[in-house]
Amino acid sequence: MAPAGSTTTATVTLIFFVLSLSAITNVKSCTVGDRNALLAFKSALTESQFGIFKTWRGTDCCKSWYGVHCDPSSKRVTEISLRGESPESSVPTLEKMGRSGYMTGVITPAICKLDRLSTIIIADWKGISGNIPKCITTLSFLRVLDLVGNQFSGPIPYNIGRLHRLTVLNFADNQINGVIPSSIVQMSSLMHLDLRSNKITGEIPTEFGNLKMLSRALLSKNLISGSIPSSISKIYRLADLDLSVNQLSGSIPEAFGRMPVLSTLNLDMNKFSGEIPTTLLSGSGISILNLSRNALEGKIPDVFGERSYFTALDLSYNNLKGPIPKSVTSASYIGHLDPSHNHLCDPIPNGAPFNHLEASSFVNNDCLCGSPLKRCP
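Residues numbered from 1 in each chain as written. Predicted model: local features only at pLDDT ≥ 70, side-chain atom pairs only at ≥ 80, totals over all residues. Heavy atoms only, no water.

- As recorded in an unreviewed UniProt entry, the protein chain goes by Leucine-rich repeat-containing N-terminal plant-type domain-containing protein and comes from Papaver somniferum.
- Under the Subcellular location (unreviewed entry) heading, UniProt states for the protein chain: "Membrane". (UniProt positions renumbered as here; feature names shortened; annotations may be inferred.)

Following this line, the structure appears as structure tokens:
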């Protein structure tokens, strides 16, 4: 038989456990800490067109605070979703639907106190500036980080690679400078990377190919230099690669033509040299290929066949010579072909796709002739 003191202690412990469990399961509003962090976040921003912050009233930030979402059990804030282009029509206070929003201010480190955040979307407000808080890399539950369409400046946090759960990273259309941090290759869950239209310099990290889950890598309209890391060709899931409008140089990796799901490859407006890899044209699965405005040379590879399918193939503004290959007519489909502004010569082949292309697609070559240009002599 257990001593009376032991029984009393056990009873008290049980009652305490039941009360604690009851308190946890009956959380009815967001925590004071989360609410205060949201109010500090709000205090550094100004938005008057939609009046979204007018909904941030009351003690429960999980209820009717526009763009704030909480875990239903713990009532911890898990999502901030504020889009300037498409506010949710379900919010009655937003009267100016269909118009773009405008917000100014900065993102303060207060956002990092919301340590259960899985989604941060502060997109298309056009006027939010300042640096991306370094502490954002401490938000270990983060899966989506979308800051597109603002005026953020400064570098990408150097230890961004700490966000191992992140699947979407979108910093496009800002004023971000500095290099792509080498730690980015540690983001093992990353599926969508969009850094377009910034002022990013330096080279693409050598081990970029470690991003095994990546399906879209959009790095266009920056100041990125150096060569394309060969490791990129090892990203099995990569379907869309856009490196256009940069300062990249060297040759185009032949292995790109052997990537199993790559369908869009934009390398235009760089400084690439050498010849066009035959693998890109012979039926690689790439349907949109833009190699225009580089320094590519040699002949257009005569390797087109039934597996060659292009909705768009742009080879314009290079130093290509020789004829247009006759094998182009054996391609399964070519919707748009542009080899203009090169040094091509000889008659244009007859048949598809040439019978539906305009003369502008062939102008400014050395001696091309035949339909849709003038007759050959």
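Thoughts on the overall build of the protein chain
1) Next: Summing up its helical and strand segments, the protein chain has two helices and 27 strands in all.
2) Next: Looking at the protein chain as a whole, 48% of its 377 residues qualify as buried.
3) Next: A separation of at least 24 residues holds for 51% of the contacts in the protein chain among residues at least 6 apart in sequence.
4) Next: When the accessible area of the protein chain is evaluated, it comes to approximately 17800 Å², of which 53% is carbon and sulfur surface. (Helix = DSSP H or I, 4+ residues; strand = E, 2+ residues; numbered from the N terminus. Buried < 20%, exposed > 50% of the residue type's maximum accessible area, 1.4 Å probe, protein only. Contact = heavy atoms within 4.5 Å. Areas by Shrake-Rupley, 256 points an atom, 1.4 Å probe, with all protein chains shown as cover.)

Side note on the side chain of Asn290
1) Next: Along the chain, Asn290 turns up in strand β19 (residues 288-290).
2) Next: Residue Asn290 is classed as buried on the basis of its relative accessible area of 16%.
3) Next: With sequence-adjacent residues up to four places away left out, Asn290 is seen in contact with Leu265, Asn266, Leu267, Asp268 and Asp314.

Re the sheet that holds strand β10 (residues 175-179)
1) Next: A sheet is described by the order of its strands in space; here three strands give the open sequence β8-β10-β12, paired in parallel fashion. Taken across any chain shown, the strands that pair with only one partner, and hence form the sheet edges, are β8 (153-154) and β12 (199-201).
2) Next: Across three bridges, the pairing between β10 and β12 is parallel. By the bridge assignment, Asn177 is partnered in β12 with Lys199. (Pairing = 2+ DSSP bridges.)

Overview of empty space enclosed by the protein
1) Next: Tallying each qualifying case throughout the model produces two cavities of 30 Å³ or more.
2) Next: Each pocket or cavity is described by its volume, and for the largest cavity that value is around 40 Å³.
3) Next: In terms of lining, the largest cavity is formed by Ile300, Phe304, Leu313, Leu315, Ile324, Val328, Leu337 and Pro339.
4) Next: For the lining of the largest cavity, the class distribution of residues is eight nonpolar, no polar and no charged. (1 Å grid on protein atoms, 1.4 Å probe; cavity = no way out; pocket = protein on both sides within 12 Å on 5 of 7 lines; lining within 4 Å. Points joined across faces, edges and corners; volume = space filled by probe spheres on them. Nonpolar A, V, L, I, M, F, W, Y, C, P; charged D, E, K, R; others polar.)

Considering the packing of aromatic side chains
1) Next: Under the counting rule described, the total for this entry stands at seven aromatic pairs.
2) Next: Ring plane angle 20 degrees and centroid distance 5.3 Å describe the contact between Trp56 and Trp65, whose orientation is recorded as stacked.
3) Next: Ring geometry for Phe354 versus Phe362: centroids 6.1 Å apart, planes at 45 degrees, classification tilted.
4) Next: Pairwise contacts between aromatic rings join Phe41, Phe53, Trp56 and Trp65 into one cluster.
5) Next: Between the NZ or CZ atom of Arg293 and the centre of the ring of Tyr317, over which it lies, the distance is 3.8 Å. (Phe/Tyr/Trp six-rings, centres within 6.5 Å; stacked < 30°, edge-to-face > 60°. Lys NZ or Arg CZ within 6 Å of the ring centre and 35° of its normal.)

With respect to the sheet that holds strand β16 (residues 247-250)
1) Next: Reading across from one edge, β14-β16-β18-β20-β23-β26-β27 is the order of the seven strands in this open sheet, with parallel pairing throughout. The open sheet has two edge strands, β14 (225-226) and β27 (367-369), and neither has a second partner.

Structural notes on the UniProt feature "domain: Leucine-rich repeat-containing N-terminal plant-type" (unreviewed entry) in the protein chain
1) Next: Under the UniProt annotation, the feature "domain: Leucine-rich repeat-containing N-terminal plant-type" (unreviewed entry) is placed at residues 34-71.
2) Next: Secondary structure over residues 34-71 splits into 26% helix and 16% strand, and the C-alpha atoms at its two ends are 12 Å apart.

What to know about the state of the cysteines
1) Next: Taken as a whole and judged by the stated rule, the model has five disulfides.
2) Next: Note that Cys62 is cross-linked by a disulfide to Cys70, the S-S spacing being 2.1 Å. For the disulfide bridge between Cys62 and Cys70, the dihedral angle about the S-S bond is near -95 degrees, and by the sign convention the bridge is left-handed.
3) Next: Disulfide partner of Cys345: Cys367, at an S-S distance of 1.2 Å. Of note, the bridge from Cys345 to Cys367 carries an S-S torsion of about -100 degrees and is left-handed in sense. Here the residue Cys345 occupies a position in strand β26 (residues 343-347), and Cys367 occupies one in strand β27, the gap between them amounting to 22 residues.
4) Next: The disulfide pattern of the protein chain is 1-2, 3-4, 5-6, 7-8, 9-10 when the bonded cysteines are numbered in sequence order. (Disulfide = S-S within 2.5 Å.)

A look at the pairing of β26
Along any regular strand the residues' side chains alternate between the sheet's two faces.
1) Next: Sheet topology places strand β23 (residues 319-322) next to β26; two bridges connect them, and they run parallel. Each bridged residue has a counterpart across the sheet, and for Lys321 the counterpart in β26 is His343.
2) Next: Where β26 lies against β27, three bridges are found, and the strand directions are parallel. Note on β27: the bridge partner recorded for Pro347 is Cys369.

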